[in-house]
Amino acid sequence: SECSAVNSYPDFASKEAGFVPWFSAFAGTGASNTGSADGQFATHVIKLSNSKYVGDYHFDMVVVNYGYNDSAQTSEAFTAGYKAGLNELLTLYPSIPIVILVPFAQTKRTELLAIYDDYKDAYNVYLCDTSDWGYTPGTAANPVDTTDGSHPKASVQAELGEKLAEWMVSTFGKEWFLHR
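Residues numbered from 1 in each chain as written. Predicted model: local features only at pLDDT ≥ 70, side-chain atom pairs only at ≥ 80, totals over all residues. Heavy atoms only, no water.

A.B. asks: Outline the sheet that holds strand E1 (residues 62–64), listing residues and values.
C.D. replies: Strand order across the open sheet formed by 3 strands is E1-E2-E3, with parallel pairing between neighbours. Strands at the two margins of the open sheet, each flanked by one partner only, are E1 and strand E3 (125–128). Sheet twist, expressed as the mean angle between neighbouring strand axes with direction ignored, is 25°. Pairing analysis gives 4 bridges linking strand E2 (residues 98–101) to E3, with the strands arranged parallel. Residue pairing across strands places Ile-98 opposite Val-125, the latter belonging to E3. Packing against the sheet, helix H5 (residues 154–172) makes contact with E1, E2 and E3, and its axis sits at approximately 140° to E3. (Pairing = 2+ DSSP bridges. Helix = DSSP H or I, 4+ residues; strand = E, 2+ residues; numbered from the N terminus. Axes fitted to C-alpha atoms, helices over the stretch in contact; angles between N-to-C directions. Contact = heavy atoms within 4.5 Å.)

A.B. asks: If you had to explain unusual backbone geometry to someone new, which residues and values would you point to?
C.D. replies: For Gln-106, which is not glycine, the phi dihedral falls at a positive 70°. As for its placement among the helices and strands, Gln-106 is situated in the loop between E2 and helix H4 (109–119). Overall, Gln-106 belongs to the partly exposed group, its relative accessible area being 23%. The phi angle at Lys-108 is positive, at roughly 65°, despite the residue not being glycine. Structurally, Lys-108 is set in the loop between E2 and H4. (Buried < 20%, exposed > 50% of the residue type's maximum accessible area, 1.4 Å probe, protein only.)

Here it is, written out as structure tokens:
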């Protein structure tokens, strides 16, 4: 399937940079929008799915891609929900990099930049700004480079994954991935 985990930008990025991805995804869910999941971002950080908890898994890095499904949420609701989830991540994983990934459609970019400004000096938080990656999604009526107006098709996922891998390697260094 074009929208499967093996055709996703994290999967392509993992192959490029040399890491093993763990996916935690909830359809239609956002930082302040529950979508199909049981709860919001703050409750998702302990789950890999609605029925599978993280438990004692060890993660070397967490990349957060929330914002696109929050387009209808107010800035205040989104910011509060995102910060609640980010605070949970920082409590659970205080010594690993937490990456704020700006959604490819640039949804909630202004809010994410402000959130990053609030956390960048005090925590191990990084910002991956995708605004210059050249991706503009279509719509359901005109699904340019997407499968459905929202999700990038596999060839675009590969390009986005390559850009994410390049960002990761330029930010953390190739050696960082070799010793994990």
